[in-house]
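Spelled out, the chains give:
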Amino acid sequence: MATQNDASNTSEALEVIANGSGEEANGTNGVNGHDHSDHIFTVLLKLPHEPFETKIQVSTQEQVQDVRQIIVDQPFALQYSCFHLEHNGKPINDFIELSEVEGLGPDSVFTLVEDPYTEKEARVHIIRVRELIQAAGEKMDVATGFHAGASLHDTVNGVYGEDSADENDLSEHKVDSPAWFASKIVVPQDIPSPKTVKSISLSPWNPPPAYLRHKGHLLYLIVVNLEGEQFHITSHVSGFYVNRSSHNKFDPSPKQGPQTSSAHSLLTLLQQIDTRFKDAFQELLEHNSKREPLALFALTNALPANPWLVAQECTSLQEHKADITRTQESFLIAGTDNNDNLRDWNEEFQTTRELPVETVPEKVFRERLTSKLFADFNEAAVRGAVLVARGEVPPLNPTEGVDAQIFVHNNVFFSFGADGVGTFATEGGDEAARVATGKDVSGVQLVNQLDIPGLFTAGSIIVDYLGKRIVGQSIVPGIFRQKEPDENQIDYGGVEGKDVVAENETFIKPFAQLSKGTFVKKHPVWDKEGKRFDLEASVDTKGLLGTDGRKYVLDLYRLTPLDITWIEKHWSATEEEKTGSEKKDYPHRMAILRPELIHAYRMKKLHESIEENMPSKAIKKEESEKDTSITSDESSDGDEKAVAKKSEDEAADAEATQKKQQEIVDSFEFSLNPDVFAGQMPQTDEEKAQMDKDEADVRAVCEYLTGSVIPQLVQQLQEGDVGFPYDGESLTSLLHKRGINVRYLGTFAEQCANQEHPRLVALQSLLVQEMVARAFKHIACKYMSHLPPVFSTSAISHLLNCLLGDKFNQTPTVEIDESLRSLYGNSKYDFESVTPESLREEIVDGIRKRYRYTVTSDIVYAGREMQMLREIALKSGLQLVAKDFAFIKGSVQEVNGDAHPITNGHSKKKKKGNASPHRAEAKATPQTFHPEDIVNFVPVVKGAAPKSQLAEEAFEGGRVSLSQDQKEIGHELLLESLTLHEQIYGILHPEVARMYLNMSNIYYQLDEKAGAAELARKAVVIAERTLGLDASETILAYLNLALFEHGCGRSRLGLKYLLHAMGLCQVAYGPNHPDSITILNNGAVMLQSLRRYHESRIWFEKSVSLADQVSGKASVNSATLLFQLAQALALDKDHRASVNRMRESCQLFRTLLGPDDRNTKEAENWLEQLTQSAVNVEKRAKDIASGKIKSRVNMGARPMPGAGQTRGEANGNTTVGSTAGGSGVDKRSIDELLRYINGGDAKKNVEGNGSGSKKRGNPKRRGGANVAVKS
């Protein structure tokens, strides 16, 4: 069985790879300043049962509970859960680090001692055993959907022995097909694992009577083995034993028999009482061992990703299995009174923040606890939010309006993201409130990241579910306390809007640190009486002194200033301007600048300050040239003293320059007033002058955004200097990193309009798709927010029909259960009046209002319907049945308007009796979507968990050290960062997936191919389970894994991953993604290394064709690809075409780069040799035809060529580790290649990556197989 230890020891495994012989790295200090070689050592572990003793590897940086986890994950120790460890006869605290255990070192002895059970420990043990033997059925969690946290990695690499697409003929592979991709993200039905027992459940005799509880009885169980035999088992403080009870008689005393029927572990007891169980359990372990371990572990520190398409079998009646313990899980998890789940979230958050951080181990412990706490809070809050949205939780204020109602569930405070009490009446009402809640959670996350001592935040989360936005927060002590009539509810900042302002000296210091971190200045504000208050933060940011004595900061939605340029241009409070010619009808006034933009603008001003106060570059250059000539003359005269003096002067000048720069940086000040343009009324002329200056500063930032940042990003995307986004998520992530708000999507689209450059055309289509999907989401929320949940599938399916199915059925009808309508008499069914025409008008008007862009073409591009459906599903939290949806008449084979379902790439007919009740009925109206096609709604979550500063600093330090060629220090810091990521976040976490992906790229550049492939494989699985099966980062991980496997000599496996990545790209973007040139080129190289020359040639031709579309025919990229295609044609024995393509490449290089460029000369050399070869081949063919000679060419089997191993130059820059990777050019010299082409002998390699003669230079390449995909 897979163990978590296999995954958690990645850093140690990579250290062995990095050192070659498994020796510990030495002589380098890690983050904690200790020799890393002393961290890891082996200890002897003594066990109470077989194998009685074993050795395990531990690290002094680990806590004792980490060692416990390592032990229980070992195959020989699965039965242990209730125990403690002893060292030298003394028990060890589980929550201390091993470095604190006195006398612990190499070859020390740990003793595992079994502890008596409590009821809680017994429940935990039963849950663990059920999961180990896979007796637990499918969990029905309200917070997750079907196949939550699933991975397709094992299916892709053929763990289950399925036929792979890479064995088929790929010459006709449809890389631009719009419809073949659905099977790529449908989780297949697992191959049934070996059964061990029929069931393990709680006995109806629970709970034990009081007189037996005092004797140690905890629980009673019933186990049914595979033969149907029942065993009644008592859970006792000493362990588990078979009792004499039956369904009709209660006798929990031990059952007497010839065999032992008691054990400390339930797993051991099952092996004793059932001979078949032991063999079946061993088969189960072997079955699981074939799978990737990371695909089996439960997610504990992150919410799982939910696929938006699921197999139709998920909705069949036969798929839902009976499991009595499913109804008992709440008791097993939380106990009789549910007390185990009731936690004081706020106290836990604040106590964790107050933990000491003096040493590195203390920082690690604090960050680890913080990460786990946020994960637990998010999980509990999501469950509560779903129940609130469904109406399962009673409000605390039932007499208030629906939007103003508040709830408490599981000690989490919930409210709706709407303006229920009129707080944002002048800012845009519900629209402003919805935006404010999102900004507030982002602000909480930013403050958590700043980690300001003495300033506390509430745990916060946003959940979008069934059209409702629900805000969850931990309960701040004193937030509901009734104040005296003359006492303010808030202690610092605005109390009632901006009319009443409160001051409190105790908040000044922590708020000043907050302002420093957010580049906000101390500034005056005025209340309704005109009284001045000097605040450190925005007047909307409030301080509250809790009843626990802590200082809390609330309402963090206005940490940065307003985007006044946008507001003045597009928003107005008056109806006249909203409906006038300029249509200033932007939905709200909460247009706020992003913190990333403020930071970027500050860095720009800092660079300008340095340039203004330092000597100009021209003077420096002149002085440098002058000094060089003097040095040369002095050296020629042999004046060594002058040379030495000159060196000293240069060092002194460099030190002085650095000191001057540091002084400029230290003295540089930049801050903004967040309350400008927010209704503040300065009283004196001096105050008005200062306000005018503050307003000018904010306007300068807004101008920087529209005049510099946005045009620069458009230019970079056009030139291919940044990776092209795959979908809306990656697009918005790219914008946010540059400090650009989503409201500027229309501005981007305007700049791309009427442009002929293919990359800008592709960008505009992606922008329009994103705007349409977002507008649809807002419209759907409007119709669904107050709709009973039972009608949600009817509403969303009708809206989807109006958007995507109007070409199939121009008049879609609403499918609704009329028998339920009467039960909800007061509900509004406005969605029923929506038509395709009215929905288009709403979407076009919504895009104009929100993004200031006018859509003149179709709102859904032909052939991109599935991509639009995907964007809507991800944004709205939909899970749909995977089938070929009929978007146009005759597009698929229809049955009563339905398409055949897709199940892992194969269409299957429904078995009789295998349909749900709704599916069994024929559809009266043929249309694209039906309510039963909407399988589930899942919550869309935005949390406020901070990143680990310690892990990020270690990683950044490692990257800097490597860039400075300090490989040992860099390697050590990277390993340290990897360990910290695993310890703090846990293995299955999005940040760990990103860390693995970044580390794999670095290792590959350092020519550590095996380590790179291992890290990339882990990145793939974790990304699939936490980010999504078809997320953009998952696609990047698969592309890099394919490249790294090819570099390790496993081209066949690499091709499997590449084909899957191509399918995912089709899912997310559609056909002809601008960066798919690299994908096609890499695939061609892999096919070439597998001796599949004709298919490789076809792929190279497709790559050239796409490059001509994206970059134009007269580009260096096209010239490079033509160069590679010429070589592929030569290997495919098409000599004439090979010469023609090489001639085109040569001409392009000569025109673009000049006749003296290295690439031009290399192409000319190849052209000359290929031409001579073609002449020789033609002459030989004529001689054979005339009978002068006999053919020596063996056409049946061709020798295998070698793929290149050196890294090309990407964008003209040589990367680190130039020997790593494989290129698209055959690695033999021209003479060797020509000997092969002419029918001579050539060296053979097993996978196309064997060692061979040194390859000649190759023209610089932008898309070869050695180039890792941009992220």
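Treat the numbers as computed from the prediction; the structure is a model and nothing was measured.

Next up on the list: the sheet that holds strand β7 (residues 217–224). Two pairing modes exist for strands in a sheet, parallel and antiparallel, and in both the strands are linked by backbone hydrogen bonds. Taking strand neighbours across the sheet as the criterion, the five strands line up as β6-β7-β8-β9-β10 in an open arrangement whose pairing is antiparallel. Edge positions in the sheet fall to β6 (199–202) and β10 (262–263), since each of these pairs with one other strand and no more. Where strand β9 (residues 239–242) and β10 come together, two bridges link them in antiparallel fashion. Bridging across to β10, F240 finds its partner in A263. Packing against the sheet, helix α4 (residues 119–132) makes contact with β6, β7, β8 (230–236) and β9, and its axis sits at approximately 15° to β7.

The geometry of helix α19 (residues 685–719) relative to helix α21 (residues 745–752) is characterised by a closest axis approach of 11 Å and an angle of 55° between their N-to-C directions. With respect to each other, α19 and α21 are oriented oblique. Note that α19 runs across α21; the crossing there is right-handed. Residue-level contacts link I710, P711, L713 and V714 of α19 to T747, F748 and Q751 of α21. Of the residues in the contact of α19 with α21, the class split is five nonpolar, two polar and no charged.

This part takes up the nonpolar core. Counting residues in each nonpolar core, the largest one holds 219 residues, and the members touching the most others are F776, L800, L803, I843 and L880. At 15 residues, helix α22 (residues 758–784) tops the list of elements feeding residues into this core. Grouped together as the second largest cluster of nonpolar side chains are 31 residues, C82, Y117, V223 and F231 included.

Below, the discussion takes up the confidence of the model for the chain. For the chain, the average pLDDT comes to 82, and 81% of its residues sit at 70 or higher. Of all secondary-structure elements in the chain, the lowest mean pLDDT belongs to helix α2 (residues 10–19), at 39, while strand β14 (residues 460–465) reaches the highest, 97. pLDDT under 50 marks residues 628–636. Its contacts with residues more than four places away, or in other chains, come to five contacts. Counting contacts from residues 893–923, a segment whose pLDDT is below 50, to residues more than four positions away or on other chains yields 66 contacts.

Here three strands make up an open sheet; going across it, the order is β11-β22-β27 and the pairing mixed. What marks the edges here is a single partner per strand, and that holds for β11 (309–310) and β27 (934–937). The pairing of β11 with strand β22 (residues 878–881) spans two bridges and is classified as parallel. Bridged to V310 within β22 is V881. Those strands touched by helix α26 (residues 865–876) are β11, β22 and β27, and its axis lies near 135° from that of β22.

Attention shifts here to the pairing of strand β18 (residues 523–526). Here β18 shows no split at all, with H523 and V525 on one side and P524 and W526 on the other all buried. Relative to strand β19 (residues 532–535), β18 is paired through four bridges, and the arrangement is antiparallel. Along β19, the bridge assignment pairs V525 with F533. Hairpin connection of β18 to β19: five residues between the antiparallel strands, including G530 at a positive phi of 85°.

The end-to-end C-alpha distance of helix α33 (residues 1076–1089) is 20 Å, a good match for the 20 Å that 14 residues give at a rise of 1.5 Å each. Extensive coverage of α33 is indicated by the burial of 14 of its 14 residues. At the exit of α33 stands R1091, carrying a positive phi of roughly 65°.

A separate point is α21. Of the residues making up α21, those classed as buried are L745, G746, F748, A749 and C752. The buried residues of α21 occupy an angular sector of 155° when the element is viewed end-on, so they sit on one face. On its buried face, α21 is in contact with α19, α20 (728–737), α22 and α25 (836–851). At the C-terminal side of α21, N754 shows a positive phi close to 60°.

Glancing now at a nonpolar patch on the surface. Together, V790, L823 and Y824 make up a nonpolar patch on the protein surface, roughly 280 Å² of accessible area in all. The residue Y824 is located in the loop between α24 (818–821) and α25 in this model. Taking the relative accessible area as the measure of exposure, Y824 reaches 33% and is therefore partly exposed.

So, on to the packing of aromatic side chains. Summed over all chains, the structure comprises 27 aromatic pairs. Summarising the aromatic geometry, the rings of F885 and F929 are spaced 4.9 Å apart at their centres and angled 35° between planes, so their arrangement reads as tilted. One end of the pair, F885, is in the loop between β22 and β23 (894–895); the other, F929, is in the loop between β26 (906–907) and β27, with 44 residues separating them in the sequence. Summarising the burial analysis for this pair, F885 and F929 share the class buried. Taken together, the ring pairs connect W345, F349, F374 and F377 into an aromatic cluster. Stacked on the ring of F331, the Lys or Arg R123 has its end atom at 6.0 Å from the ring centre. Here R821 stacks its cationic end above the ring of Y829, 4.8 Å away from the centre of that ring.

About the thresholds
- Residues numbered from 1 in each chain as written.
- Predicted model: local features only at pLDDT ≥ 70, side-chain atom pairs only at ≥ 80, totals over all residues.
- Heavy atoms only, no water.
- Pairing = 2+ DSSP bridges.
- Helix = DSSP H or I, 4+ residues; strand = E, 2+ residues; numbered from the N terminus.
- Contact = heavy atoms within 4.5 Å.
- Axes fitted to C-alpha atoms, helices over the stretch in contact; angles between N-to-C directions.
- Parallel < 35°, antiparallel > 145°, perpendicular 65-115°, else oblique.
- Left-handed = near helix turned anticlockwise from the far one by under 90°.
- Nonpolar A, V, L, I, M, F, W, Y, C, P; charged D, E, K, R; others polar.
- Core = buried A, V, L, I, M, F, W, Y, C linked by side-chain atoms within 4.5 Å.
- Buried < 20%, exposed > 50% of the residue type's maximum accessible area, 1.4 Å probe, protein only.
- pLDDT = per-residue confidence, 0-100.
- Expected span 1.5 Å × (residues − 1).
- Arc of directions from axis to C-beta.
- Patch = residues over 30% accessible without salt bridge, like charges linked within 9 Å, V, L, I, M, F, W, Y side chains within 5 Å.
- Areas by Shrake-Rupley, 256 points an atom, 1.4 Å probe, with all protein chains shown as cover.
- Salt bridge = Lys/Arg side-chain N within 4 Å of Asp/Glu carboxyl O.
- Phe/Tyr/Trp six-rings, centres within 6.5 Å; stacked < 30°, edge-to-face > 60°.
- Lys NZ or Arg CZ within 6 Å of the ring centre and 35° of its normal.

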